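Each chain, written out:
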Amino acid sequence: MNSPQCDPSLKTPAGNIPGNASSAGAELRATNPSEMKTGTVFDIREFTVHDGPGLRTTVFLKGCPLRCAWCHNPEGQKTYPEILHSASGDRVAGRVWTAENLAQRLNRQADIFRSSGGGVSFSGGEPLMQADFLLDVIAPLDLVHVLIETSGYAPAHVFEKVAARCQLVYFDLKVMNPERHRHFTGVDNGPILRNLEILGSLDTPFVVRVPLVPGVTDTEENLRAIAGFLRGKRGLVRVDLLSYNRAAGGKYKACGMEFKPDWDESQPCRADTLIFKDAGIHAKAL
């Protein structure tokens, strides 16, 4: 669990500023702000303790431009509601909300959030794919701490506008080598790294999260490249090295997808925090 004491540079929730950012897409396309009055959410989890400081409600927005080979939320990849099939029966993943109704639901828990040092976390999928909806939800929140967990893959102006409205950003960083990043995620990491540079210029503190995948993201070369890129970044709170989720493959069949790892899942992951310590960066293995 991350406590507020772990993140001393957390910002105080700011006042509401209406947003009209364009949404991200697989080709980093911009959309008409007026199109985005509703959004699709595939899960809402209350009283979570691993998605930011304090007690939180985590909202999982549907749709992601990346296709990470190890994705543990495959039901969040498509932008629309879908039926998942399993031995226990069928269920729908995805519900359309208006921003007003979702904000009202979240505001009903505002006292709990404030008393616990918690708040609301937006995850996915990739929440920046529904940036206009997201900003419309954030705007009426009642002095609630807001965190976004993002891949950083979005147009720069969209990323900057949303990040500036949050009190903390969890930024996923996977593979530094451009060719390997495209191989394992399906997209170029150039926009991601550019947005991470932008984040370092804002007043929003951030945590970089590295999902450890054996032989892919946990290599000494990749971890040293990440540490080198992050060295000296303003606003960086710490780096979290996330343990490999070996249960992720179980969801794929329900989504009508095939899980095809081309790495050895039986190998232990390198959770080498010393590489980051050598670069003057606080790191935790989770």
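Look a little higher up for the structure.
Values in this document were obtained by computation on a predicted structure and should not be read as measured data.

A. Just the packing of aromatic side chains, in detail. Taken as a whole, this structure holds eight aromatic pairs when the rule is applied. Cluster of aromatic residues (ring-pair linked, three or more members): Trp70, Phe184, Tyr244, Tyr252, Phe259 and Trp263. Note that arginine 95 overlies the ring of tryptophan 97, its terminal NZ or CZ placed 4.0 Å from the centroid. The ring of phenylalanine 229 carries lysine 233 above its face, with NZ or CZ at 4.5 Å from the centroid.

B. Representation of unusual backbone geometry. A cis amide bond, omega 15°, links glycine 124 with the succeeding residue glycine 125. Turning to its location among the elements, glycine 125 is positioned in the loop between strand S6 (119-124) and helix H3 (131-138). One non-glycine residue, phenylalanine 47, lies in positive phi territory at about 60°. One can find phenylalanine 47 in strand S1 (residues 38-48). Positive phi is not limited to glycine here, since leucine 143 has a value of about 50°. Turning to its location among the elements, leucine 143 is positioned in the loop between H3 and strand S7 (145-150). Note on leucine 143: relative accessible area 52%, which makes it exposed.

C. How the structure looks around the state of the cysteines. This model, assessed by the stated rule, comprises zero disulfides. Cysteine cysteine 68 shares no disulfide, and the gap to the nearest cysteine sulfur, in cysteine 64, comes to 6.3 Å. Residue classification places cysteine 68 among the buried residues on the basis of a relative accessible area of 12%.

D. Spotlight on the pattern of salt bridges. Enumeration over the complete set of coordinates arrives at 14 salt bridges. Among the salt bridges present, the one from lysine 78 reaches glutamate 82, with a minimum N-O distance of 3.6 Å. Taking the relative accessible area as the measure of exposure, glutamate 82 reaches 8% and is therefore buried. Between aspartate 272 and arginine 270 there is a salt bridge, with the nearest N and O atoms lying 3.9 Å from each other. We classify arginine 270 as partly exposed; its relative accessible area is 35%. One salt-bridge network, in which partners are shared between bridges, spans Glu149, Arg209, Arg238 and Asp240.

E. Broad picture of helix H4 (residues 156-164). Three or more residues of H4 are buried, namely Val158, Phe159, Val162 and Ala163. One side of H4 carries all its buried residues, which in axial view fall inside an arc of 120°. Buried residues along H4 sit against H3, S7, strand S8 (168-172) and helix H6 (190-199).

F. Inspection of the pairing of strand S9 (residues 206-211) at higher detail. Here S9 lies mainly inside the structure; six of its six residues are buried. Side chains of S9 alternate between two faces, with Phe206, Val208 and Val210 and Val207, Arg209 and Pro211 buried alike. Pairing of S8 with S9, which is carried by four bridges, proceeds in the parallel orientation. The residue of S9 that forms the bridge with phenylalanine 171 is valine 208. Once the chain exits S9 it traverses helix H7 (residues 220-230) before rejoining the sheet at strand S10 (residues 236-242), and the crossover so formed is right-handed.

G. Region of the structure containing the nonpolar core. Within the largest apolar cluster, 72 residues are counted, with the highest numbers of intra-cluster contacts made by Phe122 and Phe276. When residues in this core are grouped by element, the largest group, six residues, is from H3. Apart from residues lying up to four places away in sequence, phenylalanine 122 is in contact with Val59, Leu61, Leu106, Pro127, Leu134, Val137, Ile138, Val146, Leu147, Ile148 and Glu149. Membership of the second largest hydrophobic core comes to five residues, among which are Leu168, Tyr170, Val207 and Val237.

About the thresholds
- Residues numbered from 1 in each chain as written.
- Predicted model: local features only at pLDDT ≥ 70, side-chain atom pairs only at ≥ 80, totals over all residues.
- Heavy atoms only, no water.
- Phe/Tyr/Trp six-rings, centres within 6.5 Å; stacked < 30°, edge-to-face > 60°.
- Lys NZ or Arg CZ within 6 Å of the ring centre and 35° of its normal.
- Helix = DSSP H or I, 4+ residues; strand = E, 2+ residues; numbered from the N terminus.
- Buried < 20%, exposed > 50% of the residue type's maximum accessible area, 1.4 Å probe, protein only.
- Disulfide = S-S within 2.5 Å.
- Salt bridge = Lys/Arg side-chain N within 4 Å of Asp/Glu carboxyl O.
- Arc of directions from axis to C-beta.
- Contact = heavy atoms within 4.5 Å.
- Pairing = 2+ DSSP bridges.
- Right-handed = clockwise from strand over helix to strand, strands pointing away.
- Core = buried A, V, L, I, M, F, W, Y, C linked by side-chain atoms within 4.5 Å.

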